[in-house]
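# Chains, contacts and geometry: an overview
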Amino acid sequence: MTTGSKNGIQPLFTFGIIADIQYADIDDGFNFSHTRKRYYRNSINLLRNAQASWNTENIKPQFILQLGDIIDGHNKKDNSSDQALNTVMKEFESSPVVHHVWGNHEFYNFNRDTLLRSVLNSTIDSDSGGGCPSNGEIYAYHFSPASRYRFVILDAYDVSMLGREESSVQYNQAVAFLKAHNENEDLNQPPDCIGLEQRFVKFNGGFSADQLDWLEGVLSLADDQMERVTIICHLPIHPGSTTPVCLAWNYDKLLANIQGHKSVVCFMAGHDHDGGYHSDYCGVHHLTLEGVIETPPGSDAFVRIRFTIILSKSVDTIADVAVVCRAATATAGAVSRVEREGEVCSACIAA
Ligand SMILES: Nc1ncnc2c1ncn2[C@@H]1O[C@H](COP(=O)(O)OP(=O)(O)O)[C@@H](O)[C@H]1O
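Report on the accompanying structure. Since this is a predicted model, take the numbers as computed values, not measurements. The residue numbers shown here count from 1 along each chain, following its written sequence. In keeping with the predicted nature of the model, local features appear solely for residues at pLDDT of at least 70, side-chain atom pairs appear and are counted solely at 80 or more, and the whole-chain, interface and lining totals rest on all residues. Derived side-chain values reflect all non-hydrogen atoms in the structure, with water molecules and hydrogen atoms excluded from consideration.

Another aspect to go through is the overall build of the protein. Counting its regular elements, the protein contains eight helices and 14 strands. When each of the 351 residues of the protein is scored for burial, the buried share is 57%. In this description, contact between two residues means that some pair of their heavy atoms is separated by no more than 4.5 Å. Excluding contacts between residues fewer than 6 apart, the proportion of contacts in the protein whose partners are at least 24 apart in sequence is 67%. We get accessible surface area from the Shrake-Rupley algorithm with a probe of 1.4 Å; when it comes to residues, only the shown protein chains can shield them. Taken as a whole, the protein presents about 14400 Å² of accessible surface, with 52% of it coming from carbon and sulfur. For the purposes of this entry, the term helix denotes a DSSP run of H or I that reaches at least four residues, the term strand denotes a run of E that reaches at least two, and both are numbered from the N terminus. Residue burial is assigned from relative accessible area. The probe radius is 1.4 Å, only protein chains are included, and a residue is buried under 20% of its type maximum, exposed over 50%, and partly exposed in between.

Written out as C-alpha cells, the structure reads:
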C-alpha cells in the first residue's frame, strides 16, 4: 500500500470509502436471484481490514464516506437491528469523522424518524453553514474538508415508500408514482426485464423537488466560489455507471442539475454490488463502489482516495484535480476482486 504522497506531491487530504457492508450475525446467504453469495458475518472483517489499511497510511484519512446499507435487512426479522448497528459502529470508533449515507437496508431496519435521531445521522459533521433543506426531514448536507473542496451527501430515499409511515402523504405519493411505472403486485419486481424502466422498484427511491432546489443553491454557490464538488448518495444516477435496476427513480433530473454546474467533479454511490465507473460528457466521474457484502473472504473491497492538486506552471491556475482511486484488494490466494486503480483528472479549472 503506497504512502500518502504520489509523485512526491503531498495530497491535500485523503479519505476512505466503503459501501454496502450489510452486516448481520447470520450464516452466508444469497441475493434475491440466488446468483451471488452474501457473506453477512464476514463483512465486519472486511470493515476491520479497511480500517487497518486506512490507519496504516502515513497521511491518515481525514474522513470516511460510508455509502449506505451498513447493516442488512435480515436483522429486522431477528430483532437485532440495534445490536448489529452497535457492532458495526464500534468498528468505526477508530475512524476519523464518518459521513453516513442511507440506503434501502437502513430503511428495512429503521424508519426515517428513528434514523434522523440515530448515530447514522452525521449532519452534525456538516459545516456550520452546511445546512440541510428547509423541511428538516430530508437527510442531505454538505461539508468542506479543505479550501475549494466540498462534499455533498444526498438522500436518495427522500421520495420512497421505504422508511415512511403508510399513513403519510409521502408514502402514498411514492406508491402512486411507483404504480404509474410498475404494475406488478410485488413492487420490488422490476416492471420490465430490460431497459431503464427496471429502476422503478420499491428498493430504489428518488429526490424531491425540495432537495433538488436545495442542491441547486449549494452548487450555484460552489460555482461562484470555484469549488470542486463531490456528491455522494446510495443510488447511482448515471446509466453508464450501474445496471438499470439500481438507478434512482428520477436520476435524469439530478443528472441534469449536476451537469449544469461546472463545480461538480465526481459522483459516488453504492447499491450496485458489482460497482461501476463512467465519465460523462461534462467530465463528471461517476463512481459506483463494489459491495462489501458480496466480497468473498480473503479479498477486500474498500477505497482510499487522495485528492491531490497538481498546480500548473502558472501558479495561479489549478490545472487538474487528480483523483487517485484505489480499490485496495488484499488477496490471500482467493480470487481477487477487480483492483481498480487509476488516475482520473477533472477538466481544467482556471483559478
Ligand atoms: N427481482 C426481484 N423481484 C422481487 N423482489 C426482489 C427482486 N430483487 C430484489 N428483491 C427484493 O428487494 C429487496 C432488496 O433486494 P436486495 O438484494 O436485498 O437489495 P440490495 O441489493 O440493496 O441488498 C429484498 O427484499 C429482495 O428480496
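Next, the rest of the story.
We define proximity as follows: a residue is near a molecule or strand when any one of its heavy atoms falls within 4 Å of that partner. Surrounding the ligand, one finds 14 residues, the nearest of these being Gln 22, Phe 32, Arg 38, Asn 104 and His 105. Gln 22 has a polar side-chain atom sitting 3.1 Å from an oxygen atom of the ligand. Any pair of N or O atoms that falls within 3.5 Å is considered a polar contact. Within protein, one atom must be able to donate a hydrogen and the other to accept it, and sequence-neighbouring residues count only if both atoms are side-chain atoms. Contact distances for the ligand include 3.4 Å between an oxygen atom and a side-chain N or O atom of Asn 188. Calculation on the ligand without its partners gives an accessible area of 550 Å², and the protein chains cover 74% of this total. In terms of residues, the shell around the ligand owes the most to one element, helix H4 (residues 104-109), which gives three residues. Only Asp, Glu, Lys and Arg are considered charged, only Ala, Val, Leu, Ile, Met, Phe, Trp, Tyr, Cys and Pro nonpolar, and every remaining residue, Gly among them, polar. In the shell around the ligand, the residues fall into four nonpolar, seven polar and three charged.

Before going further, it helps to spend a moment on the packing of helix H7 (residues 209-224) against helix H8 (residues 251-259). Axes here refer to lines fitted to C-alpha atoms; in helices the fit is confined to the stretch in contact. Angles between the N-to-C directions go from 0 to 180 degrees. Where H7 meets H8, the closest approach of the two axes is 10 Å, and the angle between their N-to-C directions is 15°. Overall, the two elements H7 and H8 adopt an arrangement that is roughly parallel. The interaxial crossing formed by H7 with H8 has right-handed handedness. Contacts between H7 and H8 involve Leu 212, Leu 215, Glu 216 and Leu 219 from the first element and Lys 253, Leu 254, Asn 257 and Ile 258 from the second. Tallied by class, residues from the contact of H7 with H8 come to five nonpolar, one polar and two charged. Comment on the angle field: the value is read as roughly parallel under 35 degrees, roughly antiparallel over 145, roughly perpendicular from 65 to 115, and oblique elsewhere. For any helix crossing, the convention is left-handed if the near helix is rotated counterclockwise from the far helix by under a right angle, and right-handed if that rotation is clockwise.

Once that is clear, we can look at the pattern of salt bridges. Salt bridge, as used here, is a side-chain nitrogen of Lys or Arg placed within 4 Å of a carboxyl oxygen of Asp or Glu. Going through the model one piece at a time under the given rule, you end up with 11 salt bridges. Linked by salt bridges that have partners in common, Arg 36, Arg 38, Asp 274 and Glu 294 make up one network.

Time to look at helix H6 (residues 169-179). Of the positions making up H6, those classed as buried are Tyr 171, Ala 174, Val 175 and Leu 178. Here the buried residues of H6 occupy an arc of 100° about the axis, which is enough to place them on one side. The exposed set on the far side of H6, more than 90 degrees from its buried face, consists of Val 169 and Gln 173. It is the directions from the helix axis to the C-beta atoms whose arc is reported.

Tracing the backbone shows Asn 250 in the loop between strand S8 (228-232) and H8. Classification of Asn 250 by relative accessible area gives buried; the value is 14%. Sequence separation between Asn 250 and Phe 207 is 43 residues, and the spatial gap between their C-alpha atoms is 6.8 Å. Residues within four places of Asn 250 in sequence aside, it is in contact with Gly 206, Phe 207 and Leu 212. Among the polar contacts made by the side chain of Asn 250, one reaches the main-chain carbonyl oxygen of Phe 207 at a distance of 2.8 Å.

As a further point, take the packing of helix H1 (residues 43-55) against helix H3 (residues 81-91). For the pair H1 and H3, interaxial distance at closest approach is 10 Å and the crossing angle is 20°. In this view, H1 runs roughly parallel relative to H3, as classed from their interaxial angle. Once H1 is placed against H3, the crossing between them reads as right-handed. Contacts from Ile 44, Leu 47, Arg 48 and Gln 51 of H1 reach H3 at Thr 87, Val 88 and Glu 91. Tallied by class, the residues present in the contact of H1 with H3 amount to three nonpolar, two polar and two charged.

Now for the environment of Asp 113. By secondary structure assignment, the location of Asp 113 is in helix H5 (residues 112-116). A sequence separation of 89 residues divides Asp 113 from Ala 24, and the C-alpha atoms of the two residues are 22 Å apart.

Strand order in the open sheet formed by six strands is S6-S7-S8-S9-S11-S10, and the pairing between neighbours is mixed. Here the strands that pair on one side only, and so sit at the sheet edges, are strand S6 (141-146) and strand S10 (276-279). Mean inter-strand twist for the sheet, computed between neighbouring axes without regard to direction, equals 15°. DSSP bridges decide pairing: two strands pair if at least two such bridges lie between them. Both S8 and strand S9 (residues 264-269) contribute to a ladder of four bridges, which runs parallel. Along S9, the bridge assignment pairs Ile 231 with Phe 267.

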